[in-house]
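# Tertiary structure, described
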Protein chains: 2
Amino acid sequence: MPVIHNLWAVIPAGGAGTRLWPLSRAASPKFLHDLTGSGRSLLQETVDRLTPLVEDRFLVVTGTPHRAAVIAQLSALDPTAVLAEPSPRDSMAAIGLGAALLERRDPDAVMGSFAADHVVTDPDAFGEVVRIAAEVARDNWLVTLGIEPTHPSTAFGYIRMGEPLAEHPGAHAVPGFVEKPSVDVAEQYLAAGTYRWNAGMFVVRPAVLLDLLAQWHPDFADQLRQIAADPSLLEDVWPTLPKIALDHAVAEPAAEAGRVAVVPAAMGWDDIGDFDSLSHLLEADLGHLTVLGEGSCVRGVDSSGLVVAGTGRVISVVGLDDIVVVDTPDALLVTSRERAQDVKQVVSRLRADGRADLT
Amino acid sequence: MPVIHNLWAVIPAGGAGTRLWPLSRAASPKFLHDLTGSGRSLLQETVDRLTPLVEDRFLVVTGTPHRAAVIAQLSALDPTAVLAEPSPRDSMAAIGLGAALLERRDPDAVMGSFAADHVVTDPDAFGEVVRIAAEVARDNWLVTLGIEPTHPSTAFGYIRMGEPLAEHPGAHAVPGFVEKPSVDVAEQYLAAGTYRWNAGMFVVRPAVLLDLLAQWHPDFADQLRQIAADPSLLEDVWPTLPKIALDHAVAEPAAEAGRVAVVPAAMGWDDIGDFDSLSHLLEADLGHLTVLGEGSCVRGVDSSGLVVAGTGRVISVVGLDDIVVVDTPDALLVTSRERAQDVKQVVSRLRADGRADLT
């Protein structure tokens, strides 16, 4: 896979992933974990996937509490490439900070933002899609990668795909984004064939992103550029930045303004939003238990689903289908694949009960 | 409740209870555990229940590996009342040994054999039934307690109840015993009203039991009497005793010979054969999780069933009905109430896998 000239990868590494509790915790979030049994964390896999495209042109933006762990996991990276947010302020601030720094560093840069906790099972397809997106982005589009839906998911927002771009037949105009739909609407989208999942992956020239931001949030863009000009301002200015997702701050209004393009992508993408999607991702053998961790500890009798074996104890499951068992040293979760989204309720209850230490 | 003159309680304390794995193990069997949340083990509750009837007239027969634990739990008992079988040889040998010792010690004794791992929720009803049974036993009957069936169980054998005894209207003749039936047959038994569950509780004069045994197994009865006369023979003779249940060795042929009586009993009896019956026993609040152990550790969301909390970890269950979760330091079980009987398959597999240490 050829290197993509001047492409920088900006990797926001944040989000506790409460639906993957007790595996993922605020103190040890999802991206630091090996969730695929590969021996590499999701963050490491993200960097591995991008290295052939960007060589060492990375900026990782993470929370202050996680900076040391991120640097330890990415030992091949220059530690100055790992930026610490003083506090979590959503994706516009994190990715915008990367854009502002890159705008000063390399006027020809194209940046791609790729979350640290997603999975892509076809890295070649990913590389090809990013290459096309970077070409489109050089023509000053805000380019999003549009994941081909494999089922009528209600967990993702959708990208409406318009006409192909005249100069870039691999890309399409985006007339608009739509929020997470109902099942009925998701099924219509799937049938229509002109909707793509919004995975929050954007490829764009840093100046284009900041200029677009300046159209709707001029102070925000100014503040980011001030921090980039004088990083000593970070601590003071950061807490005053708006807490808003890049999608709402820029992508949605830019789509209405005809500035957004999408490159359709089929590359085995998943954001591992809950234990159901993790089961789906790992499932080798339908009708059996899938094990993440030490398989030799697990004894299944007439059972299917997912077991996360994290303590070395023997785990036996008898007569349960689509079960989810997550065994960690201080907390145990038992649920079903169907109810996997409701795991966040446990996290809420633990916090309400004064047991935030476990979340 | 008045003391019953000359009544001795013989308590066979054996059986690993593989269907209650991983709570009950070969090294730490069911009767040593507090399964009711009372703070007392099943063995201790058995002794507590009998003490008003027999005062200190106990003989506990247990396996050599458990003798120390039994003595420790029954600190009010003279340690010489706790006999150790050199090896497990089924109930006829264990109870027969008690009978042979008592026959020499007290010619007027009546003995009752009561397993160490059963539950009785109405001890007053139990006491009254035993009192009647002892009176009948003094007239040289082999008396069994016949538990009124509360549902068409296929887990127990049944006692056929014949005519009331002329001299003891509270007791009935037993024309025969029947093995564990099919569901259909169990339903017929329930409807007929003349069948009782066989809980393996017998009340009998020791000499009567041994003389009955001598009718069908003369050598066996001789050997037991030899051991009682010279306890130093125990180690050598014990391994040569037949491995047979008291029901088969004596009760069934004695019923055919017209020597068995039954006292009907409704006293909240359960043998806690698996986690389903344990759930049923503990169930305070239908539609919620029942917890044995530290309830403050358990977070249930839309769930019902049983959680055994044995490690201090947080255990959360989300969206599962009639679930069974048993959390112990070295082994975790997740199953359903419906499949509770199949837990023994896990134990078999662990033994086959060379992990008998966990069973």
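Quick note: structure is the one above.
My aim in this report is to walk through the structure given alongside it, one point at a time. A quick note: this is a predicted structure, and the numbers were derived from the prediction, not measured.

Cut-offs used in this document
- All residue numbers refer to positions counted from 1 along the written sequence of the respective chain.
- All chains are assigned letters beginning at A, and all ligands numbers beginning at 1, according to the order in which they are written.
- Side-chain atom pairs in this predicted model are given and counted only at pLDDT of 80 or more, local residue features only at pLDDT of at least 70, and totals for whole chains, interfaces and linings cover all residues.
- Each helix corresponds to a stretch of at least 4 residues labelled H or I by DSSP, and each strand to a stretch of at least 2 residues labelled E; elements are numbered beginning at the N terminus.
- Using C-alpha atoms as the atom set, the radius of gyration is obtained and then compared with a globule rule of 2.2 Å times the number of residues to the power 0.38.
- Buried means a residue has 20 or more other C-beta atoms within 10 Å of its own C-beta, exposed means 12 or fewer, and partly exposed covers the counts in between; C-beta atoms are placed from the backbone.
- Once C-beta atoms have been placed from the backbone, residue pairs whose C-beta atoms lie within 7 Å are recorded as contacts.
- Whether two strands pair depends on DSSP finding at least two bridges between them.
- Where helices are involved, their axes are fitted lines through C-alpha atoms of the stretch in contact, as for all axes, and angles between N-to-C directions lie from 0 to 180°.
- By the definition adopted for this analysis, an angle is roughly parallel if under 35 degrees, roughly antiparallel if over 145, roughly perpendicular if from 65 to 115, and oblique otherwise.
- Each residue gets one of three labels, nonpolar for Ala, Val, Leu, Ile, Met, Phe, Trp, Tyr, Cys and Pro, charged for Asp, Glu, Lys and Arg, and polar for the others, Gly among them.
- Here a nonpolar core is just a set of buried residues of the types Ala, Val, Leu, Ile, Met, Phe, Trp, Tyr and Cys, joined wherever their C-beta atoms sit within 7 Å.
- What sets the superposition is a least-squares fit of C-alpha atoms, and only residues with pLDDT of at least 70 in both copies go into it.
- By this rule the span expected of a helix is its residue count minus one, scaled by 1.5 Å.

Moving on, we get to the overall build of chain A. The secondary structure content of chain A amounts to 11 helices and 18 strands. Against the globule reference of 21 Å for 359 residues, chain A gives a C-alpha radius of gyration of 21 Å, in line with a compact fold. Counting only C-alpha atoms and orienting by the principal axes, one finds that chain A spans roughly 60 × 50 × 40 Å. Burial status across chain A gives 52% buried among its 359 residues. The long-range share in chain A, meaning contacts at least 24 apart out of those at least 6 apart in sequence, stands at 64%.

The subject of this paragraph is the environment of Ser296(B). Residues and elements named next belong to chain B. The topology assignment puts serine 296 in the loop between β13 (289-293) and β14 (298-301). Judged by the 12 C-beta atoms lying within 10 Å of it, serine 296 falls in the exposed class. Taking the C-alpha atoms as reference points, serine 296 and leucine 350, separated by 54 residues in sequence, lie 31 Å from one another.

Turning our eyes to something else, we now look at the sheet that holds strand β18 (residues 331-336) of chain B. Pairing between the strands of a sheet is mediated by backbone hydrogen bonds and can be parallel or antiparallel. Read across the sheet, six strands follow the order β14(A)-β16(A)-β18(B)-β17(B)-β15(B)-β13(B) without closing on themselves; strand pairing throughout is mixed. Strands at the two margins of the open sheet, each flanked by one partner only, are β14 (298-301) of chain A together with β13 of chain B. Within the sheet, the average angular offset between the axes of one strand and its neighbour, ignoring direction, is 10°. The pairing of β13(B) with strand β15 (residues 305-309) of chain B spans five bridges and is parallel. Counted as the bridge partner of Thr290(B) is Leu306(B) from β15(B). Each of β13, β15 and β17 (323-327) of chain B is contacted by helix α10 (residues 275-282) of chain B, which is oriented at about 95° to β15(B), the strand it contacts most. Relative to β14(A), helix α11 (residues 343-352) of chain B is tilted by about 135°, and along the sheet it contacts β14 and β16 (314-318) of chain A together with β18 of chain B.

Further remarks concern the packing of helix α6 (residues 206-216) of chain B against helix α7 (residues 218-229) of chain B. Residue and element names in this part refer to chain B. α7 packs onto α6 with a crossing angle of 140° between their chain directions and a minimal axis gap of 5 Å. The orientation of α6 with respect to α7, classified from their angle, is oblique. Side by side, α6 and α7 meet where Leu210, Leu213 and Ala214 of the first sit next to Pro218, Phe220, Ala221, Leu224 and Arg225 of the second. Tallied by class, residues from the contact of α6 with α7 come to seven nonpolar, no polar and one charged.

Quick look at the nonpolar core now. By size, the foremost hydrophobic cluster in this structure holds 250 residues, and its most contacted members are Ala133(A), Leu142(A), Val143(A), Ala133(B), Leu142(B) and Val143(B). In this view, Leu142(B) contacts Phe202(B), Val204(B), Val208(B), Leu209(B), Leu212(B), Val250(B), Ala251(B), Ala254(B), Arg259(B) and Val260(B); residues no more than four positions away in its chain are not counted.

Let us look at helix α9 (residues 246-256) of chain A. Along α9(A), the positions that sit buried rather than exposed are Leu246(A), Ala249(A), Val250(A), Ala251(A), Glu252(A), Ala254(A) and Ala255(A). Directly after α9(A), the chain includes Gly258(A), whose backbone phi takes a positive value near 75°.

The subject of this paragraph is unusual backbone geometry. The omega torsion of the bond from Trp21(A) to Pro22(A) falls at 5°, within 30 degrees of zero and hence cis. As for its placement among the helices and strands, Pro22(A) is situated in the loop between β1 (7-13) and α1 (42-54). Of note in this structure, Asp302(B) is not a glycine but carries a positive phi near 50°. Inspection of the secondary structure assignment puts Asp302(B) in the loop between β14 and β15. Under the C-beta neighbour-count criterion, Asp302(B) is labelled partly exposed, with 15 such atoms within 10 Å.

On to the relation of the copies chain A and chain B. Each copy of the sequence occupies a distinct position, and chain A is placed on chain B by a rotation of 180° and an axial shift of 0.1 Å, giving an RMSD of 0.1 Å. Given the turn and translation reported, the copies of this chain are related as if by a two-fold rotation axis. Judged by C-alpha distance, Val334(A) is the residue of chain A that lies nearest the rotation axis, at 4.1 Å. Taken together, the interface assignments show that 100% of the residues at the interface of chain A recur at the interface of chain B, consistent with an identical surface on both copies.

Each partner contributes residues to the interface: chain A has 28 residues there, and chain B has 29 residues. Mapped by element, the contributors of at least two residues to the side of chain A that touches chain B are β14, β16, β17 (323-327), β18 (331-336) and α11 (343-352) of chain A. Top element by residues in the side of chain A that touches chain B is β18(A). It accounts for six residues. Direction of pairing for β16(A) relative to β18(B): parallel, over a ladder of five bridges. Across the sheet, Val318(A) pairs through a bridge with Thr335(B), a residue of β18(B).

This part is about helix α1 (residues 42-54) of chain B. All names here are of chain B. Between the first and last C-alpha of α1 there are 18 Å, a value that for 13 residues agrees with the 18 Å anticipated at 1.5 Å per step. Among all positions of α1, only Leu42, Leu43, Gln44, Glu45, Thr46, Val47, Leu50, Leu53 and Val54 are buried. Residues of α1 that are buried sit in contact with β1 (7-13), β2 (58-63), α2 (67-73), β5 (119-120) and α4 (123-138). After α1 finishes, the residue glutamate 55 shows a positive phi value of roughly 55°.

Pairing in this open sheet of six strands is mixed, and the strands run β13(A)-β15(A)-β17(A)-β18(A)-β16(B)-β14(B) from one edge to the other. On the outer flanks of this sheet lie β13 (289-293) of chain A together with β14 of chain B, each paired with one strand and no other. Here the strands of the sheet are splayed against their neighbours by 10° on average, with no regard to which way each runs. As defined by bridge partners, β17(A) adjoins β18(A) across five bridges and the pair is classed as antiparallel. Residue pairing for β18(A): Val324(A) is matched across the bridge by Thr335(A). Contacting β13, β15 (305-309) and β17 of chain A, helix α10 (residues 275-282) of chain A runs over the sheet at an angle of about 95° to β15(A).

Let's shift gears to the pairing of strand β6 (residues 142-147) of chain A. Residue and element names in this part refer to chain A. Counting buried residues in β6 gives six out of six residues, a clear majority hidden from the surface. Of the two faces of β6, both are covered, the one formed by Leu142, Thr144 and Gly146 as well as the one formed by Val143, Leu145 and Ile147. When β6 meets strand β11 (residues 260-265), the two strands line up parallel, connected through six bridges. Pairing of glycine 146 across the sheet is with proline 264, part of β11.

Further remarks concern the packing of helix α6 (residues 206-216) of chain A against α9(A). Residue and element names in this part refer to chain A. One can describe the packing of α6 onto α9 by two numbers: an axis separation of 9 Å at closest approach and a directional angle of 85°. One element, α6, and the other, α9, form an angle in the roughly perpendicular class. Contacts from Leu209, Leu212, Leu213 and Trp216 of α6 reach α9 at Ala249, Val250, Pro253 and Ala254. Counted by class, the contact of α6 with α9 contains eight nonpolar, no polar and no charged residues.

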